[in-house]
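Given next are the chains, with one letter for each unit.
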Amino acid sequence: MYNNNEKIFICDHPLVKHKITMLRDKSTGTNEFRAIVEEIAMLVGYEALRDLELTYVDVETPLETCSCPVIAGKKQAIVPILRAGLGMVGGLLKLMPTAKVGHIGMYRDEETLEPQPYYCKLPSPIDQRKIFVVDPMLATGGSAIEAIDFIKKSGGKDINFLCVIAAPQGLERLAKAHPDVKIYVGNLDRDLNEHAYILPGLGDAGDRIFGTK
Ligand code: PRP
Ligand code: URA
C-alpha cells in the first residue's frame, strides 16, 4: 500500500502484521525473534523487488521453445546498518543470492541520539548497483539518513530503504532528507518515547536479535 507518496510503501499484508505481533511480544526469545525478522525481510523485500527489470530468453520446454522472462539489468547490493540490520540480510539474500553485501556500522549516542558511525565498507563500484539499505528500526531517522548520505557520497544512486517498523517522525524525516529513496516499511507505529524508542515498538532490535542487553 503506497502512503499517498509513491516513494513510501507501507506493508498491509496479514502475514507481515502477524509476524510483527510476534516480534512485539517481550516473551519471544532470541532464536524465534531472529527467524521472524528474516521472514519479514523476505516479505517486505518481495515488494521492494517488484520493479526489477526483466529481459527475455528462449527456453525449450518439453513441448516447444518459448520466450521467457528473466531478471535483467543492474546488480544489487544489500547494505545493513549494524548491528540490527544484519538480521534482515539472510532474508534478502534468499531473494537475491548474487547480491553483494556492504556494511555500515553505526550506533545511536544515548544522550544526543545522534548516529555515531564506526565502520563503512561498500561493494565497489557501488554506482551501478541497485542498493537495499536495511535496518529493522526507523526511529528518529538519524541513522538511516546518515547511512544513505554516506552511500550517496560513495557514488550510490539507486537506493531503497527497508525496515520492519517505522515511527512517523523518522519516516517523515527520511523522506524529506532523501526524497529520491524508496522506503519500504513493515508497519508504521504510533510514536517515539522520550528516549526515542518506537511505541509500541519491539524494544531494542539489536539486543533482541543478538541476545545482548
Ligand atoms: C538502532 C536501530 C537503528 C537505530 C534507529 O540501532 O537498529 O540503527 O537504532 O534509530 P534512529 O532512527 O533514531 O537513528 P542502535 O543505535 O541501537 O545500534 P545497534 O543496532 O548496534 O543496537
Ligand atoms: N532502536 C531500536 O532498536 N528500537 C527502537 O525502538 C528505537 C531505536
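Before going into details, it helps to say that this report is about the structure given with it. Given the structure is predicted, the values throughout are model-derived calculations rather than measurements. (Residues numbered from 1 in each chain as written. Chains lettered and ligands numbered in written order. Predicted model: local features only at pLDDT ≥ 70, side-chain atom pairs only at ≥ 80, totals over all residues. Heavy atoms only, no water.)

**Brief notes about the site of ligand 2**
Then, number 1: Neighbouring ligand 2 are the residues R108, M137, A139, A196, Y197, I198, G203, D204 and A205.
Then, number 2: Between an oxygen atom of ligand 2 and a main-chain N or O atom of I198, the distance comes to 2.8 Å.
Then, number 3: Residue A205 places a main-chain N or O atom 2.8 Å away from an oxygen atom belonging to ligand 2.
Then, number 4: Burial of ligand 2 by the protein amounts to 88% of the accessible area it has alone, namely 240 Å².
Then, number 5: Tallied by class, residues from the shell around ligand 2 come to six nonpolar, one polar and two charged. (Near = heavy atom within 4 Å. Polar contact = N/O pair within 3.5 Å; in protein donor to acceptor, adjacent residues only side chain to side chain. Areas by Shrake-Rupley, 256 points an atom, 1.4 Å probe, with all protein chains shown as cover. Nonpolar A, V, L, I, M, F, W, Y, C, P; charged D, E, K, R; others polar.)

**Considerations on the packing of helix α4 (residues 142-153) against helix α5 (residues 168-177)**
Then, number 1: Here α4 crosses α5 at 20°, and the two axes come no closer than 9 Å. Looking at the two axes, α4 sits roughly parallel to α5. Viewed along their axes, α4 and α5 form a crossing whose handedness is right-handed. Residue-level inspection shows G142, A144, I145 and I148 of α4 in contact with α5, the latter providing R173, L174 and A177. (Axes fitted to C-alpha atoms, helices over the stretch in contact; angles between N-to-C directions. Helix = DSSP H or I, 4+ residues; strand = E, 2+ residues; numbered from the N terminus. Parallel < 35°, antiparallel > 145°, perpendicular 65-115°, else oblique. Left-handed = near helix turned anticlockwise from the far one by under 90°. Contact = heavy atoms within 4.5 Å.)

**A closer look at the site of ligand 1**
Then, number 1: Close to ligand 1 lie 15 residues; R108, D135, T140, G141 and S143 are nearest.
Then, number 2: Interatomic distance of 2.7 Å between a side-chain N/O atom of R108 and an oxygen atom of ligand 1.
Then, number 3: Take S143: an N or O atom from its side chain is 2.6 Å from an oxygen atom of ligand 1.
Then, number 4: Coverage of ligand 1 by the protein chains reaches 90% of its 500 Å² of free accessible surface.
Then, number 5: Breaking the shell around ligand 1 down by element, the ones donating at least two residues are β6 (103-108), β9 (137-138) and α4.

**So, the nonpolar core**
Then, number 1: The biggest cluster of nonpolar side chains holds 35 residues, and the ones touching the most others in it are L23, I40 and L162.
Then, number 2: Within the residue set of this core, elements represented by two or more residues are α1 (14-24), α2 (30-48), α3 (86-95), β8 (130-134), β10 (158-166) and α6 (205-210).
Then, number 3: Top contributing element to this core by residue count: α2, with seven residues.
Then, number 4: The contact partners of I40, leaving out residues within four places of it in the chain, are V16, K19, I20, L23, G45 and V164.
Then, number 5: Among the nonpolar cores identified, the runner-up in size contains 27 residues, and A144, I145, C163 and V181 belong to it. (Core = buried A, V, L, I, M, F, W, Y, C linked by side-chain atoms within 4.5 Å. Buried < 20%, exposed > 50% of the residue type's maximum accessible area, 1.4 Å probe, protein only.)

**Side note on the pattern of salt bridges**
Then, number 1: A full pass over the atoms with the stated rule returns 11 salt bridges.
Then, number 2: D51 serves as the salt-bridge partner of K130, at 3.8 Å between the closest nitrogen and oxygen. Remark: D51 occurs in the loop between α2 and β2 (54-60) and K130 occurs in strand β8; sequence separation between them is 79 residues.
Then, number 3: Taking relative accessible area as the criterion, D51 reaches 40% and is therefore assigned partly exposed.
Then, number 4: Through salt bridges with shared partners, one network takes in D51, K130, D158 and K182. (Salt bridge = Lys/Arg side-chain N within 4 Å of Asp/Glu carboxyl O.)

**Describing the pairing of β10**
Looking along a regular strand, one sees side chains alternate from face to face of the sheet.
Then, number 1: The buried fraction of β10 is high, at eight of nine residues.
Then, number 2: In the sheet, β8 pairs with β10 via five bridges, with the strands oriented parallel. For V134, the partnering residue across the bridge sits in β10 and is L162.
Then, number 3: Once you follow β9 into α4 and on to β10, the crossover reads as right-handed. (Pairing = 2+ DSSP bridges. Right-handed = clockwise from strand over helix to strand, strands pointing away.)

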